[in-house]
Amino acid sequence: MGLNSRMDKKQDIRALTKTQLRDFFIENGDKAFRGNQVYEWLWAKSAHSFEDMTNISKETRQMLENHFVINHIEVDYMQRSSDGTVKNALRLHDGLIVESVLIPTKSRTTACVSSQVGCSLDCKFCATAQLKKMRNLNPDEIYDQVAAINKESLLYYNHKLSNIVFMGMGEPLMNYNNVLKAIDKITSPEGLGISPKRITLSTSGLPKMIKKLADDGVKFNLAVSLHSAIDEVRSRIMPFSTAFPLNELKEALIYWYAKTNSRVSYEYVVWKGINDGKEAINELVKFCKYVPCKVNLIEYNSIDADEFQQANPQAIENYIGVLEMNNIIVNVRRSRGKDIDAACGQLANKKS
Ligand code: SAH
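Further remarks concern empty space enclosed by the protein. For the structure on display, the rule yields one cavity of 30 Å³ or more. Estimated volume of the largest cavity: approximately 500 Å³. Lining the largest cavity we find 31 residues, and of these Phe-125, Cys-126, Met-167, Ser-225 and Gly-345 sit closest to its centre. The set of elements that each furnish at least two residues to the lining of the largest cavity consists of strand E10 (199-203) and strand E12 (264-269). Tallied by class, the residues present in the lining of the largest cavity amount to 17 nonpolar, eleven polar and three charged.

Moving on to the sheet that holds strand E13 (residues 293-298). The strand order across the open sheet built from ten strands is E3-E4-E5-E6-E9-E10-E11-E12-E13-E14, with neighbouring strands paired in mixed fashion. Two strands lie at the open edges of the sheet, namely strand E3 (74-80) and strand E14 (329-333), each paired on one side alone. When the angles between neighbouring strand axes are averaged without regard to direction, this sheet yields 20°. Lying on the sheet, helix H9 (residues 246-260) is in contact with strand E11 (221-225) and E12; it crosses E11 at an angle near 170°.

It is worth spelling out the nonpolar core at this point. Counting 111 residues, the largest nonpolar core has Ile-164, Leu-253, Tyr-266 and Val-295 as the members making the most contacts within it. Excluding residues that lie within four positions of it along the chain, Leu-253 makes contacts with Ile-210, Leu-222, Val-224, Val-264, Tyr-266, Phe-287 and Val-291.

Using the criterion set out here, one finds 14 aromatic pairs in the structure. When the ring of Tyr-268 is compared with that of Tyr-319, the centres are 5.2 Å apart and the planes differ by 55°; the resulting orientation is tilted. Linking Tyr-268 in strand E12 with Tyr-319 in helix H11 (residues 313-325), this pair joins segments that are 51 residues apart in sequence. Like Tyr-268, the residue Tyr-319 is buried in the burial classification. A ring pair is formed by Tyr-300 and Phe-308, whose centres lie 6.4 Å apart and whose planes are at 45°; its orientation type is tilted. Members of the aromatic cluster, connected to one another through ring pairs, are Phe-125, Trp-271, Tyr-300 and Phe-308.

Moving on, we get to unusual backbone geometry. Most peptide bonds take the trans form, and the phi angle of most residues other than glycine is negative. The residue Asn-158 is not glycine, and still its phi comes out positive at about 65°. Mapped onto the fold, Asn-158 is located in the loop between helix H5 (139-157) and strand E9 (163-166). A relative accessible area of 70% means that Asn-158 is categorised as exposed. The residue Asp-341 is not glycine, and still its phi comes out positive at about 55°. Looking at the secondary structure, you find Asp-341 in the segment after E14.

About the criteria used
Residues numbered from 1 in each chain as written. Predicted model: local features only at pLDDT ≥ 70, side-chain atom pairs only at ≥ 80, totals over all residues. Heavy atoms only, no water. 1 Å grid on protein atoms, 1.4 Å probe; cavity = no way out; pocket = protein on both sides within 12 Å on 5 of 7 lines; lining within 4 Å. Points joined across faces, edges and corners; volume = space filled by probe spheres on them. Helix = DSSP H or I, 4+ residues; strand = E, 2+ residues; numbered from the N terminus. Nonpolar A, V, L, I, M, F, W, Y, C, P; charged D, E, K, R; others polar. Pairing = 2+ DSSP bridges. Axes fitted to C-alpha atoms, helices over the stretch in contact; angles between N-to-C directions. Contact = heavy atoms within 4.5 Å. Core = buried A, V, L, I, M, F, W, Y, C linked by side-chain atoms within 4.5 Å. Buried < 20%, exposed > 50% of the residue type's maximum accessible area, 1.4 Å probe, protein only. Phe/Tyr/Trp six-rings, centres within 6.5 Å; stacked < 30°, edge-to-face > 60°.

In structure tokens form, the structure reads like this:
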């Protein structure tokens, strides 16, 4: 019985590389080329079942069925916001749910994808942090989120997905290998063929892992959730960061820029009484001088945490004024999809 059930356990076909898949067909008396065809179905065409593979013979499909499973994610439910934002709750093969978001603007659509179920970190202003971390997502689960949004983009907006941001649930740099493998597939012509220049990985700022990205020569963009350039404030609102003082973050970013020549984005929310004063602005300006960068001021999305309240418009104007005076690029990011809990920091597996 034990032996049988072990033998019955089918392998996840998408854990195989293209070479392994080609070898599988050779070993089973078929042509290596069949491996290429199946690989194309699995990735570029994002097939959910062997039955979908219409140019593969029935016997071969049956043979695949006997050996393998396709652990494709399924859209559990989908919500559309009044502003066009779409939130997908995706069911993973083990029943866990993860969320991703499609954000349309006039000229493009952006996918906001998750890297973990829940999150390992403890940012006090983020709803995802209130879920405990369940597990890392596999490369194919990350890829599937993007493929699903790409389909929705074609369906609702008549064009392919144009940008991807790793700003959904989880800390991507705490699931480093899987996130990089997923990005490889997303950018590969055999996957979705999306340019790495259109992908941004957002991290809460783990210095060692930022250096690793630089060493690995990645071609995508880096965003850092800064929120404060004062250690004492930052470690209060992002307690994990006590272990990663701003000095180390600065050093890692200098290293990143030296190796990649790629400008860093700082994500920054301004809250009443926390970082809306002069000193906070001046310290941010100083921090911005270390490497070429831009600042994205993000609107706060309330998560019912009393200590956090969006700063008043004057405080935001002060930030913009001082940053621009110092020739620092600053964008104000309006929140999208708030009515369906799809905005930054609101992903917590809630149906609205
Ligand atoms: N862990 C990664 C990616 C996920 S968070 C990171 O920290 O960068 C995506 C962005 O949303 C981060 O910049 C985060 O600081 C921000 N964010 C979290 N909670 C928010 C909230 N309630 N309102 C606005 N932005 C929030």
